[in-house]
Amino acid sequence: MPDASTANLAINAERLWSNIMTTAAFGGTLKGGVRRLTLSEEDRRVRDWLVARAQASGYEVGIDRIGNIYIQRPGRDPGRAAVAMGSHLDTQPTGGKFDGILGVLAGLEVLETLDEAGIATEAPLCLVNWTNEEGARFAPGELGSEVYVGHVALEAALACRDAEGVTVGEALSAIGYAGTEVPGARRFAAMVELHIEQGPLLEAENLTIGVVTAAKGQQWYNGMVSGRESHAGTTPMTLRRDALMAFAELALAAERIARAHAPDGVGTIGMAEVSPGSRNTVPGEVRFSLEFRHPDPDHFGRMRAEMRAEAERIAAARDVTVTLDPIWSMEPLSFSPDVAATIAQAAAARGLPYREMTSGAGHDACAVASAVPTAMIFVPCKDGISHNEAESATLKDCAAGANVLLHSVLALAGV
Ligand code: GLV
Ligand code: MN
Ligand code: MN
Ligand code: MN
C-alpha cells in the first residue's frame, strides 16, 4: 500500500528538464545532439557535474575500478541492501540528449525530491552511472554493468582498446575515474532503470509508460574478409579474390537472415573498413562489425547458425577467408516479474496509460538482471528515433517516467 504521506509526491519536472538541457551541453553538437563518447573529456565533465551535485546534497559517492559511479542516500535500516536506479552518461558518436542520461537525471531527481519532502526510506537508495553502456568507443557495451555482475572480468574490461589503441584503464585514469571500489561489492535489493523507448510503439499507441518485462538477445561479432590485393586494371574479373565483393554478399546475407526472422529479428552492420582503400587496387581486406538480435532463443540460435553457414558458403565460392569473431553476447532475457509489477502499479496509481513491452535495445539493466531483481520503465521518444542527434522526448513524458521511477523505488525500498 502506498503510504498516505507519499501518495501524491511528485518530482520537480522543470528541474529535471533543466538538468537534461544543462547536461546536453557536455558534448553538445551543432545539430542539437550529443557526442559524449565514454571516458572522453566530455564524459569527465558530465561525471564531475553529477558528482558535484551529489556531494552538495551530502550523498556518499563511490567509484569502482571500472569507473561506475554510485551515489547513495542512506535508509532508515543501514543493514538493508540498497534499491538501485540509474543508467549511463555516455552517448553514441552522434547521439541525443536522452539515451542514458534521462535514467541518471531522473534518479537524481528522485533523491532530491525525497530530501525536500523530508522522506526517509527503509532501505538505502543508490543512483548508479554505469561506465560505457554504448560500446561505441570501446566494444562491447554495457561494460560497467557486465563487470559489476562478473560476466566480463575486470582485467579484460580494463584492457579493451579504442580505435587509437587507448585502453579503458588508461582512459579511466586520464579522466580521474579509476576508482578503488571492487565492482560487485555493493549489493542491491532491486534495480529500476528509466530509459526512452528508442522505438515507435508507445508513441504510436498513445501510451506514456512502457513496463519492460523482457529484452532481446544480442550477438556481436568482429568480422573480417581476407582476399587478395591486386591491380584494378590488369586483374581479370575471373581471377579476382575481391574482399569487398565477398563482404557485399555477406552483408546482404545478414539482411536476408534478419528479415527471415522478422518482425523481431534484426541484423546490423554498423561499421566496415576497406583496405587498402585505393580506387585502383582490388580490395584485399574488409573489417566489419555485425550484430543480430532476437527475443526468442530458438530464432536467435537459428540466426547465428544461418550466418555461419552463409559465411562458409561465400568464403568457398569466392576463394576468400571469412572470420566471424563473437566478441559479446547476451541471451534473450526476462526481467523480474515482481519489479515489473511494482512499476505497473506505480503507473496505474498515477493514472498513466501503460503497456508491457520487450526492449529491442541493450541496457545496463539487462546485465544487472542476472544478479539483481530488475525491470525497466520506458517513455516515448519522437518518431521512435534514437542513436540520432534528432532524438527527442517531451518534458511531460520524461516527468511521468521519473514519477513512476520515484514511486517504484519507494515501494521497493519501503517508506
Ligand atoms: C546500445 O545502446 C544498444 O542498445 O546496442
Ligand atoms: Mn541507453
Ligand atoms: Mn544507446
Ligand atoms: Mn543501449
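Residues numbered from 1 in each chain as written. Chains lettered and ligands numbered in written order. Predicted model: local features only at pLDDT ≥ 70, side-chain atom pairs only at ≥ 80, totals over all residues.

As recorded in an unreviewed UniProt entry, the protein chain goes by the name N-carbamoyl-L-amino-acid hydrolase, listed as coming from Chelatococcus asaccharovorans.

## Some words on the domain arrangement of the protein chain
Domains assigned within the protein chain are domain 1 (13-215 + 333-413) and domain 2 (217-330). The centre of domain 1, based on its C-alpha atoms, is set 33 Å off from the matching centre of domain 2. Taken together, the seven residues of domain 1 in the interface contact eight residues of domain 2. The residue inventory of the side of domain 1 that touches domain 2, partitioned by class, reads four nonpolar, three polar and no charged. (Domains from an automatic or database assignment. Contact = placed C-beta atoms within 7 Å. Nonpolar A, V, L, I, M, F, W, Y, C, P; charged D, E, K, R; others polar.)

## Focus: unusual backbone geometry
Following Ala139, the chain continues into Pro140 via a peptide bond in cis, with omega recorded as 0°. Structurally, Pro140 is set in the loop between strand E4 (125-129) and helix H4 (143-149). Even without being a glycine, Asn206 presents a positive backbone phi close to 60°. With respect to the helices, strands and loops of the structure, Asn206 is situated in the loop between helix H7 (201-204) and strand E6 (209-215). On the basis of neighbour counts, which here come to 8 C-beta atoms within 10 Å, the residue Asn206 falls in the exposed class. Phi angles above zero are rare outside glycine, and Asp383 is one such case at about 55°. As for its position among the elements, Asp383 is in the loop between strand E16 (374-379) and helix H12 (395-413). The exposure class of Asp383 is partly exposed, given the 13 C-beta atoms found within 10 Å. (Helix = DSSP H or I, 4+ residues; strand = E, 2+ residues; numbered from the N terminus. Buried ≥ 20, exposed ≤ 12 C-beta atoms within 10 Å, placed from the backbone.)

## Examining the packing of helix H10 (residues 337-349) against H12
Relative orientation of the contacting elements H10 and H12 amounts to 125°, with a least axis distance of 8 Å. What the angle tells us is that H10 and H12 run oblique. For the pair H10 and H12, the crossing hand works out as right-handed. Counted together, Thr342, Ile343, Ala346, Ala347 and Ala349 of H10 and Val404, His407, Ser408, Ala411 and Leu412 of H12 form the full contact between these two elements. Among the residues making up the contact of H10 with H12, the classes are represented as seven nonpolar, three polar and no charged. (Axes fitted to C-alpha atoms, helices over the stretch in contact; angles between N-to-C directions. Parallel < 35°, antiparallel > 145°, perpendicular 65-115°, else oblique. Left-handed = near helix turned anticlockwise from the far one by under 90°.)

## Topic: the environment of Pro326
Structurally, Pro326 is set in strand E13 (residues 321-330). Given 11 C-beta atoms within a 10 Å radius, Pro326 is considered exposed. Put simply, Pro326 and Pro200 are 126 residues apart on the chain and 30 Å apart in space, counted from C-alpha to C-alpha. When near neighbours in sequence (up to four residues on either side) are disregarded, Pro326 contacts Gln219 and Tyr221.

## Re the pairing of E6
E6 sits mainly inside the fold: six of its seven residues count as buried. Bridge count between E6 and strand E15 (residues 354-359): six bridges; the pairing is parallel. Note on E15: the bridge partner recorded for Val211 is Glu356. As judged from the three bridges shared by E6 and E16, these two strands associate in the antiparallel manner. Each residue of the ladder has a partner; that of Gly210, found in E16, is Phe378. Relative to strand E14 (residues 333-334), E6 runs antiparallel, the two being bridged by two bridges. Across the sheet, Ala215 pairs through a bridge with Leu333, a residue of E14. (Pairing = 2+ DSSP bridges.)

## Some details on the UniProt feature "binding site: Zn(2+) 1" (unreviewed entry) in the protein chain
UniProt feature "binding site: Zn(2+) 1" (unreviewed entry): in the numbering of this structure it lies at His88, Asp99 and His195. Taken along the chain, the residues just named run across 108 residues; in space they keep tight, none of their C-alpha pairs more than 9.7 Å apart. With respect to the helices and strands, His88 occurs in the loop between strand E3 (82-87) and helix H3 (101-117). Here His88 is in contact with Gly100, Asn129, Trp130, Glu133 and Asp364, once residues within four sequence places are set aside. Note that His195 resides in strand E5 (residues 188-196). A count of 29 C-beta atoms within 10 Å places His195 in the buried class. His195 has contacts with Ser87, Leu102, Gly103, His363, Met376 and Phe378, leaving out every residue within four places of it along the chain. (UniProt positions renumbered as here; feature names shortened; annotations may be inferred.)

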